[in-house]
Amino acid sequence: MNLEQIQKQVATCSCGNPHHPISIEQINASEKVWQSLVKFVQKKEWRHLLVIADVTTQTVGYSPLQKALLTVGIDVTLVTLSPNKQGDVAADELAVVQVMLELDDSVDALIALGAGTIHDVTRFCAAKAKIPFLSVPTAPSVDGFTSKGAPLIIRGKKITYQLVSPIAVFIPSDIIRDAPRALVAAGVGDMLGKYTSLLDWRFGAFDGKEPFCPVVARLTEQALFDCVKALPDIYAEKAEGLDQLMDSLILSGIAMLIFGHSHPASGGEHHLSHYWEMDFLTHERPAVLHGTKVAIATMELIDTYKTMIQEQSTVPRELEEWANQLPTRQKMESVFNSLQAPIRPEEIGISPLLLASSKREAYRLRERHTLLKQLSLQTTHFETEERSL
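Quick caveat: nothing in here was measured; it's all calculated off a predicted structure.

Draft legend 1. Spotlight on the overall build of the protein. Secondary structure summary: the protein contains 17 helices and eight strands in total. By the compact-globule yardstick of 21 Å for 389 residues, the protein fits well, its C-alpha radius of gyration being 21 Å. C-alpha atoms of the protein, sized along the principal axes, occupy 75 × 50 × 40 Å. With 389 residues in all, the protein has 54% of them scored as buried. Restricting to contacts in the protein with at least 6 residues of sequence separation, those with at least 24 account for 76%. Taking the average place of the 37 positive charges on the side chains of the protein and the average place of its 46 negative ones, the gap between the two points comes to 3 Å.

The following block contains the structure:
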């Protein structure tokens, strides 16, 4: 991935919106990535690093990371995030406090060793401590590694903070290629959610006058299409397919970083996912992978979204063209069947009642002009009219 070329593309954009600089200095993916990480740390003259992990990511990645750093005399401290009562590690106040209690003036930088939750906690703590952090993904499961956004659960509500991106990303390819199938399917889910998020973003720009950047949209489209093209290799668990999935997730995060918000990669499908997550937390139920929820939410919306655009008499050509190329729900189900992943809400514990309430209310979680919001308001208006008859 050539960050310099991406910067040049952004420099040519005349959309009028602010474009945030890519502050990531290096992205390296290889089976010998620990050597590259050590060289980067030595160049920065850091002497003490704090690694944030959970039990699983500690098992798969901490030993080689620690060995590489200690060999050159760099101190390493590990914080293993504690699970909640349901056995899940959550990006919440308790996790933040656990990390902050281990932070002192001797720590030069943080390392996020893991996937989405660990990066969200690390990003928040790095920003508050005003020190940089390194990203070390251990699974191709989410697209937020390179973004500035940190979705945290605060008092039971999902709140996204725009904070800082990692100063560098080091991807251990051997660990990524060995990731559990469920995490790979979740990563594909987060990527295929771009079909509806990009439609929502275009619709918000057209109908709600929300800011839109065509260059960022193209970067997100590229990440999506490259992932879709690699699906056969992902199904077969080939190195090329899993590497491409990781590349697509990284590029999607960079697109969000440039735009400064999650609009390119997070629409109604993410609002449903967040709504379900908050309900699970309220009722103390075990968590479901973010990308798994996004995949199912996308399948719940995609046919309806396409119909909503096709039924509008006047829409911009770009919006209509994007809607027309959306895959059908049936096609999406075929993808996730191939990945042996859930395809229906009830398979992950979403009841018909919760599904219905989320489709009515989830749009309130974000100040976004989405098709989900329009659908919810239309449904509410129709139900009000029926009750008045």
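Draft legend 2. Region of the structure containing helix α8 (residues 194–208). In a regular helix each residue adds 1.5 Å, so 15 residues correspond to 21 Å; α8 covers 19 Å between its end C-alpha atoms and thus fits that length. The element α8 is extensively covered by neighbouring structure, given that 11 of its 15 residues are classed as buried. Taken residue by residue, α8 has Lys194, Tyr195, Thr196, Ser197, Leu198, Leu199, Asp200, Trp201, Arg202, Phe203 and Gly204 as its buried positions. A positive backbone phi angle near 55 degrees is found at lysine 209, which sits one or two residues after α8.

Draft legend 3. Representation of the layout of surface pockets within the structure. Counted as a void, the second largest pocket has a volume near 380 Å³. Around the second largest pocket sit 19 residues that line it, and Asn84, Ala90, Asp92, Leu94 and Leu281 are the ones nearest its centre. Contributing elements (two or more residues each) for the lining of the second largest pocket: α4 (93–100) and α12 (268–282). Of the residues belonging to the lining of the second largest pocket, the class tally is seven nonpolar, five polar and seven charged.

Draft legend 4. Broad picture of the sheet that holds strand β8 (residues 168–172). In spatial order, the strands read β1-β8-β5-β4-β2-β3; together these six strands make up an open sheet with parallel pairing. Each having just a single partner strand, β1 (26–30) and β3 (75–80) make up the two edges of the open sheet. Strand-to-strand twist across the sheet, computed as the mean angle between neighbouring axes with direction ignored, equals 20 degrees. In terms of strand pairing, strand β2 (residues 48–53) meets β3 through six bridges, oriented parallel. The residue bridging valine 51 from the neighbouring strand is leucine 78, located in β3. Seen against the sheet, helix α5 (residues 116–129) touches β2, β4 (109–114) and β5 (133–137) and runs at an angle of roughly 170 degrees to β4.

Draft legend 5. Fine view of the pattern of salt bridges. All chains considered together, the criterion is met by 17 salt bridges. Of the charged contacts, one joins glutamate 221 and arginine 202 as a salt bridge, the two residues approaching to 2.3 Å between their closest N and O atoms. Here arginine 202 lies in helix α8 and glutamate 221 lies in helix α9 (residues 214–229), a separation of 19 residues in the sequence. Where aspartate 233 meets lysine 238, a salt bridge forms, and the shortest distance between an N and an O atom there is 3.8 Å.

Draft legend 6. Inspection of the nonpolar core at higher detail. Formed by 78 residues in total, the largest nonpolar core has its most connected members in Val188, Leu192, Leu199, Ile234, Trp276 and Phe336. At 11 residues, the largest contribution of residues to this core is made by helix α11 (residues 239–259). When neighbours within four sequence positions are excluded, isoleucine 234 is seen to be in contact with Val184, Val188, Cys227, Gly241, Leu242, Leu245 and Leu339.

Draft legend 7. Highlighting the packing of aromatic side chains. Tallied over the entire structure, the rule returns seven aromatic pairs. A ring pair is formed by phenylalanine 40 and tryptophan 46, whose centres lie 6.1 Å apart and whose planes are at 70 degrees; its orientation type is edge-to-face. For the pair phenylalanine 40 and tryptophan 46, one class covers both residues: buried. Ring geometry for phenylalanine 124 and tyrosine 161: centres 5.5 Å apart, planes at 70 degrees, overall edge-to-face. Of this pair, phenylalanine 124 sits in helix α5 while tyrosine 161 sits in strand β7 (residues 157–162), and the two are 37 residues apart along the sequence. The class for phenylalanine 124 is buried, based on a relative accessible area of 15%. Here tyrosine 161 falls in the partly exposed class, since its relative accessible area comes to 27%.

Draft legend 8. Summary view of the packing of α8 against α9. α9 packs onto α8 with a crossing angle of 160 degrees between their chain directions and a minimal axis gap of 10 Å. With respect to α9, the axis of α8 lies roughly antiparallel. In this structure, the crossing between α8 and α9 has a hand that is left-handed. Seen from α8, the contacting residues are Lys194, Tyr195, Leu198, Trp201 and Arg202; seen from α9, they are Val216, Ala217, Thr220, Glu221, Leu224 and Val228. Among the residues forming the contact of α8 with α9, the class breakdown is seven nonpolar, one polar and three charged.

Draft legend 9. Expanded view of empty space enclosed by the protein. Enumeration over the complete set of coordinates arrives at two cavities of 30 Å³ or more. Taken as a whole, the largest cavity spans an internal volume of roughly 50 Å³. Surrounding the largest cavity, Ser197, Asp200, Trp201, Glu210, His263, Ser266, Gly267, His271, Arg368, His369 and Thr370 form its lining. Looking at the lining of the largest cavity, the element that brings in the most residues is α8, giving three residues. For the lining of the largest cavity, the per-class residue count stands at one nonpolar, seven polar and three charged.

About the thresholds
Residues numbered from 1 in each chain as written. Predicted model: local features only at pLDDT ≥ 70, side-chain atom pairs only at ≥ 80, totals over all residues. Heavy atoms only, no water. Helix = DSSP H or I, 4+ residues; strand = E, 2+ residues; numbered from the N terminus. Rg over C-alpha atoms; globule rule 2.2 N^0.38 Å. Buried < 20%, exposed > 50% of the residue type's maximum accessible area, 1.4 Å probe, protein only. Contact = heavy atoms within 4.5 Å. Lys, Arg positive; Asp, Glu negative; His and termini not counted. Charge placed at Lys NZ, Arg CZ, Asp CG, Glu CD. Expected span 1.5 Å × (residues − 1). 1 Å grid on protein atoms, 1.4 Å probe; cavity = no way out; pocket = protein on both sides within 12 Å on 5 of 7 lines; lining within 4 Å. Points joined across faces, edges and corners; volume = space filled by probe spheres on them. Nonpolar A, V, L, I, M, F, W, Y, C, P; charged D, E, K, R; others polar. Pairing = 2+ DSSP bridges. Axes fitted to C-alpha atoms, helices over the stretch in contact; angles between N-to-C directions. Salt bridge = Lys/Arg side-chain N within 4 Å of Asp/Glu carboxyl O. Core = buried A, V, L, I, M, F, W, Y, C linked by side-chain atoms within 4.5 Å. Phe/Tyr/Trp six-rings, centres within 6.5 Å; stacked < 30°, edge-to-face > 60°. Parallel < 35°, antiparallel > 145°, perpendicular 65-115°, else oblique. Left-handed = near helix turned anticlockwise from the far one by under 90°.

Note that all results are geometric; they support no functional claim without further evidence.
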